[in-house]
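Listed below are the residues making up each chain.
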Amino acid sequence: MNLKDYAGISEQSDIRAIEAMAAKLAGRTILHVNSTAVGGGVAELLSRMVPLMNGLGLNARWEVIRGTKAFFEVTKGLHNALQGKGKQITKRMWDIYESVNGRNMDRMNLDADYVIIHDPQPALLVGKKKSGNWIWRCHIDISAPDRVVWHFLKGHIEKYDAAIFSVSSFAQSVSIPQYMMHPSIDPLSDKNVELSETEIAEVFNRFNIPMDKPILLQVSRFDPFKDPLGVIDAYRLVKKYHNCRLVLAGGAASDDPEGARVLKDVLEKAGNDPDIHVLLLPPFSDKEINALQRGAAIVLQKSVREGFGLVVAESLWKGKPVIGGNVGGIPLQVIEGVTGFLVNSNEGTAYRIRQLLVNPEMARKMGAAGREHVRMNFLITKDIKSYLALCLAMEKKGESVIYL
Amino acid sequence: MAEPFKFYECLALTRLMGRKASDIIEFLEIIGQISPESIFHHMHQYFLRRHVIAPEFSNDFAVWIADSLGERSLAEGVANLNPYEFTNIEDARKELIRIISEHLKIYPPPRPAAPGKEFFFTEGVSFLIPTGLEAKDLDEFARRIKEVDGTSIYFHFYEARLRLGKKEDDFSRFFEGLGRTDLADKIKAMDPYMYSTEVLRNKISGLVEGLA
């Protein structure tokens, strides 16, 4: 995996900028820490970004915190509360959160020039900060958090040197510098690399999904914020007019115990409709997701809360129009009427699906515009460029124009 | 002999200010207080980005007033503010405040933005990357300007002039150094905020080739 592999795909100016900045940062140590090695967008991104950073002459590594089932129940609660839809976090829960972070602090080597802590789960590791620049990278939507939970967390976040949010509306009133960086997809990963028609058909065949009619697809964790039940409702509204299939595909992440409960609700609602296919994908299903996205006619991401929703960029990259919820980072990817449609209800979702099903040329044009939009804005090279720029900005605090 | 022209490419890291405006009054108050970098950023980031489809207006303020407040006539007034008429950001800020204040004397304030659609203030930290490309004369300049990225056009034209407080853009200054004030005058007479960087590149390139 090498930066040169992206020549001809990414913007050439991005590659030049990365090389120039990496030369300035050669030998610096960068540590990324998150809460899961597999499942979820963060792990996926780090698995690609860390080797690429090393290939640029940086000394990058990636560590994962260890947690108990109880810890991940707590952090899922925190995650939901920060996204404004949580239950009360009890004192016992806070104690679990602190003690697991404390044990990881004792266990982990957190020495680096730049320590980048991803999301709330390992956020308290900043308690071990002695030197280096510590950056909290928040991937979730905290634009309207539970105020008590945010009050508690804010005290810890302000110990960092900077915070990064995916969308400007997620910014908070905190005393540390805040930056905006969109997350990204890797066009050369198994999830996004080109596949042949045979490879696509093989995956559909393996899942027993006939490709005999248009396929609507939503790929997401089984999470209430992704509204899989609303997707089924929208599909049923469409089904009155158009013969199509619905595929709901999601994985289970080790830090997401709520998933099983939502999956049960989805299976109940799907009932015995032979045209609804609910797939629980194991980790390392990247090629399968790639094929499902490529085989779909329309991709949905009907979230009611969303961090960034990178699955949208993945689908646009494959030339598919996307119908997405008007939340989080989705409007940055779905340009209304250009790369897809933004929707606010089950009825709106159904309407846009019907519109695209009867206008395949419109769907094709939107898909093509979507791929170009992603190429220009959401590829991994943009993300690496932003991280390197942030590292340099941390070394030149207060400067707003930096000559390399 | 004039210094050779050194082409830089540019990237911006977006810094979030943690301030947002829900309605036009709040917006006006923050505009009066926010950093000049933020005013500059919202009037220029359009030119630094590439678009599959260009937004209706090139300045973020006008887009927000039109899309989130639904106040089309004010959006048009703000969009028509031409930063090229100013040599420093404070003057552009004053004009922006004047346009909005005058509007509010005549019309009632528009409805507030829906939650999540407030105006979020940001500013840019710019990184300038030497391309190694230089031009000593017009012939060389005409070749090199076709080789650099659009961000280079952005930096030398918009950012060098208004953000770095120079009286003119880098291209005009270089042409004047070569004694070609005719060319500099033609560049200065353009209406640059109506062009994308690609169109601006073609315009400048065409002028240089026509007059070289």
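Residues numbered from 1 in each chain as written. Chains lettered and ligands numbered in written order. Predicted model: local features only at pLDDT ≥ 70, side-chain atom pairs only at ≥ 80, totals over all residues. Heavy atoms only, no water.

Observations concerning the overall build of chain B
Keep this limit in mind: Helix numbering and strand numbering both begin at the N terminus, where a helix is a DSSP run of H or I of at least 4 residues and a strand a DSSP run of E of at least 2. In this setup the radius of gyration rests on C-alpha atoms only. A globule is expected at 2.2 Å times the number of residues raised to 0.38. The rule is simple: take the accessible area with a 1.4 Å probe, protein chains only, and divide by the maximum for that residue type; under 20% is buried, over 50% is exposed, in between is partly exposed. For this analysis, residues touch if any pair of their heavy atoms sits within 4.5 Å.
The number of helices and strands found in chain B is 10 helices and 2 strands. Its helices and strands taken in sequence order, chain B reads β-α-α-α-α-α-β-α-α-α-α-α from the N to the C terminus. Whereas a compact globule of 212 residues would reach a radius of gyration of roughly 17 Å, chain B reaches 18 Å, a difference of no more than 12%. Going through the 212 residues of chain B one by one, you find that 52% of them count as buried. Long-range pairs, those at least 24 residues apart, make up 74% of the contacts in chain B between residues at least 6 apart in sequence.

What to know about the pairing of strand β1 (residues 5–21) of chain B
Note the threshold: The criterion for strand pairing is that DSSP finds at least two bridges linking the strands in question.
Alignment of strand β6 (residues 178–180) of chain A against β1(B), held across 3 bridges, turns out to be antiparallel. Bridge pairing in β1(B) links A:Tyr179 to B:Arg15. When β1(B) meets strand β2 (residues 119–135) of chain B, the two strands line up antiparallel, connected through 13 bridges. Across the sheet, B:Tyr8 pairs through a bridge with B:Pro130, a residue of β2(B).

Focus on the domain arrangement of chain A
Residue and element names in this part refer to chain A. Filter applied, for reference: What fixes the domain bounds is an automatic or database domain assignment. When two components associate, each loses some accessible surface as probed by a 1.4 Å sphere; the sum of these losses over both components is called the buried area. The rule for a salt bridge is simple: a side-chain nitrogen of Lys or Arg has to be within 4 Å of a carboxyl oxygen of Asp or Glu.
The domain boundaries assigned to chain A delineate domain 1 (3–184 + 379–395) and domain 2 (197–377). Distance between the C-alpha centres of domain 1 and domain 2: 27 Å. Facing the 29 residues of domain 1 at the interface are 26 residues of domain 2. With both sides pooled, the region where domain 1 packs onto domain 2 buries about 2400 Å², and carbon together with sulfur makes up 56% of that total. Its largest share of buried area at the contact with domain 2, domain 1 owes to Lys-76, Gln-83 and Leu-379, together 22% of the area lost on that side. The tally of links from domain 1 across to domain 2 stands at 3 salt bridges. The salt bridge partner of Arg-305 is Asp-141, with a shortest N-O separation of 3.2 Å. A total of 4 residues in the side of domain 1 that touches domain 2 trace back to one element, the largest contributor, which is helix α3 (residues 69–82).

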